[in-house]
Amino acid sequence: MHYLITILPSLLAGLKMTLGVFALTLIGSLPFGILVAVLQRSPVALLRGVLNGYITIMRGTPLLLQIVFVYYGLSLANLVTLPRFEAAVVTFILNYTAYFAEIFRGGLQAIPSGQIAGAKVLGFNRWQTLWYVTLPQVVKTVMPSVGNEVINLVKDTSLVYVIGLGDLMRAGNIAVARDVTLVPYLAVGALYLLLTILLTVLMRYVEKRLNYYQ
Amino acid sequence: MLTIKNLSKQYNGKVIFKDLNVTVADGQILTVVGPSGIGKTTFLRVLAGLTKADAGEISLNQHPLLLNENRTGAEVGVIFQDFNLFPQYTVFENITLAPRIVARQHRRVYQPQAEELLAQLHLTEQRDFYPFQLSGGQKQRTAIARALAMQPGVLAYDEPTSGLDETTTQQVVTVIKQLQQQGVTQIVVTHDRPFADQLSGAVLDFGTDVVR
Ligand SMILES: Nc1ncnc2c1ncn2[C@@H]1O[C@H](COP(=O)(O)OP(=O)(O)O)[C@@H](O)[C@H]1O
Ligand SMILES: [Mg+2]
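Residues numbered from 1 in each chain as written. Chains lettered and ligands numbered in written order. Predicted model: local features only at pLDDT ≥ 70, side-chain atom pairs only at ≥ 80, totals over all residues. Heavy atoms only, no water.

Below, the discussion takes up the packing of helix α6 (residues 126-156) of chain A against helix α8 (residues 183-210) of chain A. All names here are of chain A. The N-to-C vectors of α6 and α8 enclose an angle of 175°; their axes lie 10 Å apart at closest approach. On the basis of the axis angle, α6 is roughly antiparallel to α8. Mapping the contact onto sequence places Val139, Lys140, Met143, Pro144, Val146, Gly147, Val150, Ile151 and Val154 in α6 and Tyr192, Leu195, Thr196, Leu199, Thr200, Met203, Val206, Glu207 and Leu210 in α8. (Axes fitted to C-alpha atoms, helices over the stretch in contact; angles between N-to-C directions. Helix = DSSP H or I, 4+ residues; strand = E, 2+ residues; numbered from the N terminus. Parallel < 35°, antiparallel > 145°, perpendicular 65-115°, else oblique. Contact = heavy atoms within 4.5 Å.)

Here is the structure:
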């Protein structure tokens, strides 16, 4: 118990970093995911092709590789050198945007065409139809899948340790190596678990709130 | 006055209608009848700008309507066969959304107008209901109120009695006749001949009057 209290400050500092990557990724990738899903319905074939390629690459290669590539690769190629935190957040946003885009694309496809026709004859333009008619319905239908990705994201943030970012996972690693005990890992696991349980409860609540209509 | 001139439409080489000419005077009812699959819904969708016409002209009060997907505005109000109400909004919100967002009306304008439509269509008690909580007839009347809120030049119905029982069908007849009294121009697409007869409007029979 006493040992736990001594390592707690470093674990909490790591947790702060983990939450930072998590929150910024969500704030960035949710709106971009919606935007990419909408643009995938564009009449411009080139745009659709580019977006499809982007999604295929992001979903078809390991996130770990993407992080290493953005942090070390771009700098080795003399393109840009991003600081660790920025590199991690940019990569996570790029990766999660692709997953969210796929989810929202499916949701948009599932909207009956009559909803769009109904809006059109009332004079709604495309963006008004999206914002007021289709998107609210999509949000409701995709909420369970979005919830899954949010939980995955919490766990995926631990991958940032490869570029030496001081997240929760790294704080645990350091304590384990220094003190030769597995207790820090147990504490780290408990913190991740606490986080995912809290988020699960929150997502359930949001789903319930969106269930006011059928 | 609604004027349709030489309107033509085909799907993959199959002529649905050709050189169709119709006029509907203000406050008149035109019933469009004919068996299933003959092209009535296609005609309504072309009128509403939802389906592109191959040729022809449509004008509403001397003002031409675009006959392709670039049509904007709400001159042709449509009551769809399955209503297409917005499920996430209440009856009141369904009625006021377009006046608020599209016509950018102030609450002082759209609210009393919506309350009036609710009263006229016997929906006051359902004001805060969601579409899934409504009966077929109530959904139908909500769709009518929603279209009327944008003051369309013509109101077009697709099979308004499908799925309704006899009592509700009679209510639809009453509503359509009331709107006629108020000067609303209406086009009623239906394969229900007895219902069409009750409306005693001009008849366009797709089975016999249309060139293919
Ligand atoms: N989008 C479409 N593409 C091809 N054919 C269509 C399409 N919509 C309708 N049709 C055809 O046009 C004909 C008329 O259909 P419709 O207008 O729905 O008839 P009605 O409303 O009188 O029952 C039918 O043969 C139908 O299969
Ligand atoms: Mg039909």
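Moving on, we get to the sheet that holds strand β9 (residues 202-205) of chain B. All names here are of chain B. Taken together, five strands build an open sheet; the order of strands is β6-β7-β8-β3-β9 and the sheet is parallel. Here the strands that pair on one side only, and so sit at the sheet edges, are β6 (76-79) and β9. Neighbouring strand axes in the sheet, compared pairwise and without regard to direction, differ in orientation by 20° on average. Pairing of strand β3 (residues 29-33) with β9 involves four bridges; the strand directions are parallel. Counted as the bridge partner of Thr31 is Val203 from β9. (Pairing = 2+ DSSP bridges.)

Turning next to the UniProt feature "transmembrane region" (unreviewed entry) in chain A. All names here are of chain A. Look at the UniProt record and you will see "transmembrane region" (unreviewed entry) annotated at residues 20-39, 51-74 and 182-206. Helix makes up 100% of residues 20-39 and strand 0%. Its end C-alpha atoms lie 28 Å apart. With 96% helix and 0% strand, the stretch residues 182-206 has end C-alpha atoms that lie 37 Å from each other. (UniProt positions renumbered as here; feature names shortened; annotations may be inferred.)

With that out of the way, let us pick up the packing of aromatic side chains. Per the stated rule, a full pass over the model turns up eleven aromatic pairs over all chains. Judged by centre distance (4.9 Å) and plane angle (70°), the rings of Tyr212 of chain A and Tyr213 of chain A are edge-to-face. Every member of this aromatic cluster is reached through a ring pair, and the members are Phe92, Tyr96, Tyr99 and Phe100 of chain A. Over the ring of Tyr213 of chain A we find Lys140 of chain A, and its NZ or CZ is 4.4 Å from the ring centre. The ring of Phe86 of chain B is capped by Arg146 of chain B, whose NZ or CZ atom sits 4.5 Å from the centre of that ring. (Phe/Tyr/Trp six-rings, centres within 6.5 Å; stacked < 30°, edge-to-face > 60°. Lys NZ or Arg CZ within 6 Å of the ring centre and 35° of its normal.)

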